[in-house]
Amino acid sequence: MRKQYRSQLVAEESLAEEPMGQFARWFRDAAEANVFEPNAMVVATATPDGRPSTRTVLLKQFDERGFVFFTNYGSRKGRELAANPAASLLFPWHPIARQVIVTGTASRIGRDETAAYFRSRPHGSQLGAWASEQSAVIDSRAELDRRYAELEARYPEGEQVPVPPQWGGIRVVPDAVEFWQGHENRLHDRLRYVLEAGTWRVERLCP
């Protein structure tokens, strides 16, 4: 089940000065290569005593401030990040033999930002954010569907749905970002940006 990766080498001098610029380049490459959902990322969180958990979520925004996704703050990841803001993100772009690995600190974005994004969501997704108490135990699928149907009757298509108070954005501000490019003979490129005293430096890691 092994596969030889055949890709161009990644030289340090080809990289952007800071990681968000480099991420923008690679994200564009992944989209142009028709990678399925290039904004899908694995989010890793942990309890204060170090018990980890992971799940796949969709990146919704990124800029020089960091990476943003949206969730129910009462979900497992929401609770864990509230207690322990250390987080890691993984973008697994397998078809182009690339990965991006981010470590950083998570915090909630402002309610104005959350409301602006919520308004851009499809009507059904807005209702779903109210219907689901994410990560909570529920008796049945029928119960979930009943909640949704009640909300659909209360807020028909075209009527503004209020932003759920327990739902919003989380921004992960990176302190290290690794760009991984697969190569033949397992001699992969691993180039990591590390933030030190407000300045980014790049280091190469052994594969």
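The following refers to the structure shown.

## Quick notes on the packing of aromatic side chains
For the structure on display, the rule yields 15 aromatic pairs. Taking 4.9 Å as the distance between ring centres and 55° as the angle between the ring planes, the aromatic pair formed by phenylalanine 23 and phenylalanine 91 counts as tilted. Here phenylalanine 23 is found in helix H1 (residues 19-32), whereas its partner phenylalanine 91 is found in strand E5 (residues 86-93), with 68 residues between them in sequence. In terms of burial, phenylalanine 23 and phenylalanine 91 fall into one category: buried. One aromatic cluster is present, formed by Phe23, Phe27, Phe62, Phe67, Phe91 and Trp93 through successive ring pairs. Seen from the ring of tryptophan 26, arginine 98 lies directly overhead, with NZ or CZ sitting 4.0 Å from the centre. In this structure, arginine 108 is placed above the aromatic ring of tyrosine 73, and the distance from its NZ or CZ to the ring centre is 3.8 Å.

## Digging into helix H4 (residues 123-131)
Of all the residues in H4, the buried ones are His123, Gln126, Leu127, Ala129 and Ala131. The inward-facing, buried residues of H4 contact helix H3 (111-120), helix H5 (141-154) and strand E7 (167-181).

## Things to note about the pairing of E5
Only one face of E5 is buried: it carries Ala87, Leu89, Phe91 and Trp93, and the other face, with Ala86, Ser88, Leu90 and Pro92, is open. Pairing analysis gives eight bridges linking E5 to strand E6 (residues 98-108), with the strands arranged antiparallel. Counterpart to phenylalanine 91 in the pairing with E6 is valine 100. Here E5 folds back onto E6 in antiparallel fashion, the turn holding four residues, of which alanine 97 has a positive phi close to 55°.

## Here's the deal with the pattern of salt bridges
Two side chains bearing opposite charge may form a pair once their charged atoms approach each other closely. Scanning the model with the defined rule gives 16 salt bridges in all. With its nearest N and O atoms 3.0 Å apart, the salt bridge here joins arginine 98 to aspartate 29. Of this pair, arginine 98 sits in strand E6 while aspartate 29 sits in helix H1, and the two are 69 residues apart along the sequence. We classify aspartate 29 as partly exposed; its relative accessible area is 31%. Here arginine 146 ties to glutamate 150 by a salt bridge, and the two come within 2.4 Å at their closest N and O atoms. Taken together, the residues span about one helical turn, with arginine 146 and glutamate 150 both in helix H5 at a distance of four residues. You can call arginine 146 partly exposed: its relative accessible area is 38%.

Scoring rules and cut-offs
Residues numbered from 1 in each chain as written. Predicted model: local features only at pLDDT ≥ 70, side-chain atom pairs only at ≥ 80, totals over all residues. Heavy atoms only, no water. Phe/Tyr/Trp six-rings, centres within 6.5 Å; stacked < 30°, edge-to-face > 60°. Helix = DSSP H or I, 4+ residues; strand = E, 2+ residues; numbered from the N terminus. Buried < 20%, exposed > 50% of the residue type's maximum accessible area, 1.4 Å probe, protein only. Lys NZ or Arg CZ within 6 Å of the ring centre and 35° of its normal. Contact = heavy atoms within 4.5 Å. Pairing = 2+ DSSP bridges. Salt bridge = Lys/Arg side-chain N within 4 Å of Asp/Glu carboxyl O.

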